[in-house]
Structures are given as C-alpha cells and as structure tokens.
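Per-entry structural report
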Amino acid sequence: MNARFRMTGRTPIELVLDCKATLGEGVCWDAGRQLLYWVDIPEGTVHVFDPATGENRSRAVGQPVGAAVPTKSGKLLVAMHHGFALLDTGTEELKPLLDPEEDKPDNRFNDGKCDPAGRFWAGTMQLKAERGAGALYRLDADLTVHMMVEGVSVSNGLAWSPELDRMYYIDSPRREVTVFDYDHESGDITNPRAVVRLSPDEGHPDGMTIDETGMLWVAHYGGGCLSRWDPANGERIDTIPMPVRRVTDCVFGGRDLDILYVSTARNKLTEDELEQQPAAGGLFALKPGVRGIAAPPFGA
Ligand code: ZN
C-alpha cells in the first residue's frame, strides 16, 4: 500500500446503523433538518435516519423505491418502480405524481438526486438490467419531466461540480464516470465523455458524490471500497476499503458536511459471505478530512 492510500485526519469507519438492508441505497442528506434519507430498494422502504438520536424510521411505499429527496414543501419526493410520488413523512400519505415510463412496466427507478438548482434527476433500469433499456430523467419544479439520456442500462450516481458547469453520471455496467457540460440555468446537458474508468476487478461504480474541492467519491458495488478521483485528469487520489463488499452509495452530511455516510447491501451474498461481512447492509460513516456540498431540496 502506498503512502497516498491514507489521508491525514481520516477517522475510523463506524457502523452507525446495523440495519441489514437488502439493498440499501440513495443516501441523501437533508441539511435543513439534519436528517439522512435512504431507501432499501427491493423492500420498498424509505428511511429517515436521525444521526443525533440514532433513530431510524421507515415507511413502506408498496413497490421498489430507488431514491428519496426532500422537497421545498417539507415532503419527500420519491422515485419508485412506477414513477414519482410525494411522501408526507408525518401523515405517511403517498401521492403519486407521474410515471414517465408507464409503457415500460418492467423498468423501475433507481438512484436519483437534486441538482444545484433543485431539479430532480433520476434514472431507470430494466428489472433484469437489460442493456440500454433505461433512461435518465429530469423532473423540474413545475413537474414537467424531460428525458435527458437514452439507452441507459443501470442508472446510478450523479454529481454536479462546485462551479456548476459539469454534471457527472454513472451508468454502472459501463464501469466509468461520464461527464457532461451542464447549464445551470436551463438544466441542459451536452458533450458526454468518460472521465474515470474502473477495472473489472474493482466491482461496478454505483452511487457517487462530490466534495467541495470538486473531487468525485465513488461507491464500488462488489468492490468493497470507496474511491476518490480527480475528474480533471481521471486520476485516482484515494481508496477507502470498507468492511463489506457491496458498497452502494455515499453522501456528505453532518452540520459541517464533513461526515461521509455510506450505504451498503447484503443481497446475493452467500451464507459464508454473510458470516464474513455481518455488517453488510448497514449504514456506515467516516470523516475523510474533506467537506461535501449540500444539495438543495426539490423545487428550491
Ligand atoms: Zn445505486
């Protein structure tokens, strides 16, 4: 292991919630409420974790759910198997909004996130990950939906540069991070090209976040680690080994946005593997020595 492997000031990796999720995903920090949202996709549950108390509340939405983000009105916008809906975490009322893939019942929404202007981006995948069967959508505050990328296989991580001029995107089977030129005013994206490439022995790139210095953090599904990259030259800066193999997503949270929360999965693990990774499916946290960027709520 070389010297760059360790960053100064990094704290140990802590299991903050031993939730044994089947496929924990979509970690999202609500800076206004200081809460962490996450989903367990196949279980169809949306979770609200309060790091201050350790309390985790969950709500079943009756179908697989890929992401949940806060809205300006204080609800959660969720991307489910069958489209977008608003979830009131107080009354637990779930109000369907629209489904851009009503004609594709075998597709479901996967990861999703708000851009710096408060537009919600979420992509789909075919249930058996058929190549190119999904797409990436953008839902604007006026509830118009726009297909932004076609021919997606497993829509996953999203991030926007601190300068608001780039969008980063992961379609997992491609084993790369794609960058687009991003127009902050209109939400348009153009000029896609690959900036980061993973080798097959590193698992699949899954969720992603960005720190305040513009470096990308990628969760390795099946690769047992997080990696940090400089998108300007595609170079890996750091690797953080995790105690479980299926690392699904990461987001900066906490009052100072200096805690990296990491979701994981225990799906498709054998009995032996589960014995070796008893914390699989848990929610982890570490302080990597750098801060993230707060995402606005939907409609902001
Ligand atoms: Zn994912």
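Description of the structure in this document. (Residues numbered from 1 in each chain as written. Predicted model: local features only at pLDDT ≥ 70, side-chain atom pairs only at ≥ 80, totals over all residues. Heavy atoms only, no water.)

Re the coordination of the zinc ion
Around the zinc ion, the protein contributes the donor atoms Glu25 (OE), Glu25 (OE), Asn156 (OD1) and Asp206 (OD), which lie 2.0 to 2.7 Å from the metal centre. Around the zinc ion, the four donor atoms are arranged such that angles at the metal cover 52 to 158°; this shape is classified as irregular. (Donors = N, O, S within 2.8 Å, 3.2 Å for Na, K, Ca; no water. Tetrahedral: all angles 85-135°; square planar, octahedral: opposite > 155°, others 65-115°.)

Some points on the environment of lysine 75
Tracing the backbone through its elements, the reader meets lysine 75 in the loop between strand E6 (65–70) and strand E7 (76–80). The spatial distance from the C-alpha of lysine 75 to the C-alpha of aspartate 238 is 36 Å, given a sequence separation of 163 residues. Residues in contact with lysine 75, not counting those within four places in the same chain, are Val69, Pro70, Leu87 and Asp88. (Helix = DSSP H or I, 4+ residues; strand = E, 2+ residues; numbered from the N terminus. Contact = heavy atoms within 4.5 Å.)

Considerations on the pairing of strand E2 (residues 24–30)
Taking burial as the measure, the seven residues of E2 include seven buried ones, the bulk of the element. Between E2 and strand E3 (residues 35–40), which pair antiparallel and follow one another directly, the connecting turn spans four residues, one of which, glutamine 34, has a positive phi of 55°. (Buried < 20%, exposed > 50% of the residue type's maximum accessible area, 1.4 Å probe, protein only. Pairing = 2+ DSSP bridges.)

Focus: the packing of aromatic side chains
Using the criterion set out here, one finds seven aromatic pairs in the structure. Following the ring pairs from residue to residue traces out a cluster consisting of Phe84, Phe109, Phe120 and Tyr137. (Phe/Tyr/Trp six-rings, centres within 6.5 Å; stacked < 30°, edge-to-face > 60°.)

Some remarks on a negative patch on the surface
Where like charges cluster on the molecular surface, the negative patch consists of Glu271, Asp272, Glu273 and Glu275. With respect to the helices, strands and loops of the structure, glutamate 271 is situated in helix H1 (residues 271–276). (Patch = residues over 30% accessible without salt bridge, like charges linked within 9 Å, V, L, I, M, F, W, Y side chains within 5 Å. Areas by Shrake-Rupley, 256 points an atom, 1.4 Å probe, with all protein chains shown as cover. Salt bridge = Lys/Arg side-chain N within 4 Å of Asp/Glu carboxyl O. Lys, Arg positive; Asp, Glu negative; His and termini not counted. Charge placed at Lys NZ, Arg CZ, Asp CG, Glu CD.)

A look at the nonpolar core
Core analysis: the biggest nonpolar cluster contains 32 residues, and Val46, Leu77, Val78, Phe84 and Phe120 have the highest contact counts within it. Of all the secondary structure elements, the ones that give two or more residues to this core are E3, strand E4 (45–50), E6, E7, strand E8 (83–87), strand E10 (107–114), strand E11 (120–126) and strand E12 (134–139). A total of five residues in this core trace back to one element, the largest contributor, which is E7. If we ignore the near neighbours within four places in the chain, the residues touching phenylalanine 84 are Leu77, Val78, Ala79, Pro96, Leu97, Leu98, Pro100, Phe109, Phe120, Ala122, Leu139 and Val145. The next biggest cluster of nonpolar side chains, apart from the first, holds 17 residues, and it includes Ala219, Val244, Phe252 and Phe284. (Core = buried A, V, L, I, M, F, W, Y, C linked by side-chain atoms within 4.5 Å.)

Quick notes on the sheet that holds strand E23 (residues 259–264)
Here we have four strands laid out as an open sheet, ordered E1-E24-E23-E22, and antiparallel in their pairing. Of all strands in the sheet, those bounded by a partner on one side alone are strand E1 (14–17) and strand E22 (247–253). Strand-to-strand, the axes of this sheet are offset by a mean angle of 30°, without reference to chain direction. As paired strands, E1 and strand E24 (residues 283–286) are joined by three bridges and run antiparallel to one another. Residue leucine 17 lies in a different strand from E24, and its bridge partner there is leucine 283. (Axes fitted to C-alpha atoms, helices over the stretch in contact; angles between N-to-C directions.)

What about the sheet that holds E3?
Spatial strand order, E2-E3-E4-E5: four strands in an open sheet with antiparallel pairing. Taken across any chain shown, the strands that pair with only one partner, and hence form the sheet edges, are E2 and strand E5 (55–60). Put simply, the sheet's adjacent strands are angled 20° from each other on average, direction ignored. Note that E2 and E3 share five bridges and pair antiparallel. Looking across to E3, one finds that glutamate 25 is bridged to valine 39.

Focus on the pairing of E8
The element E8 is extensively covered by neighbouring structure, given that five of its five residues are classed as buried. Of the pairings in the sheet, the one linking E7 to E8 comprises five bridges and is antiparallel in character. Within E8, the residue paired with valine 78 across the bridge is alanine 85. Between E7 and the antiparallel strand that follows it, E8, lie two residues. Between E8 and strand E9 (residues 94–98), which pair antiparallel in sequence order, lie six residues; one of them, glutamate 92, sits at a positive phi of approximately 70°.

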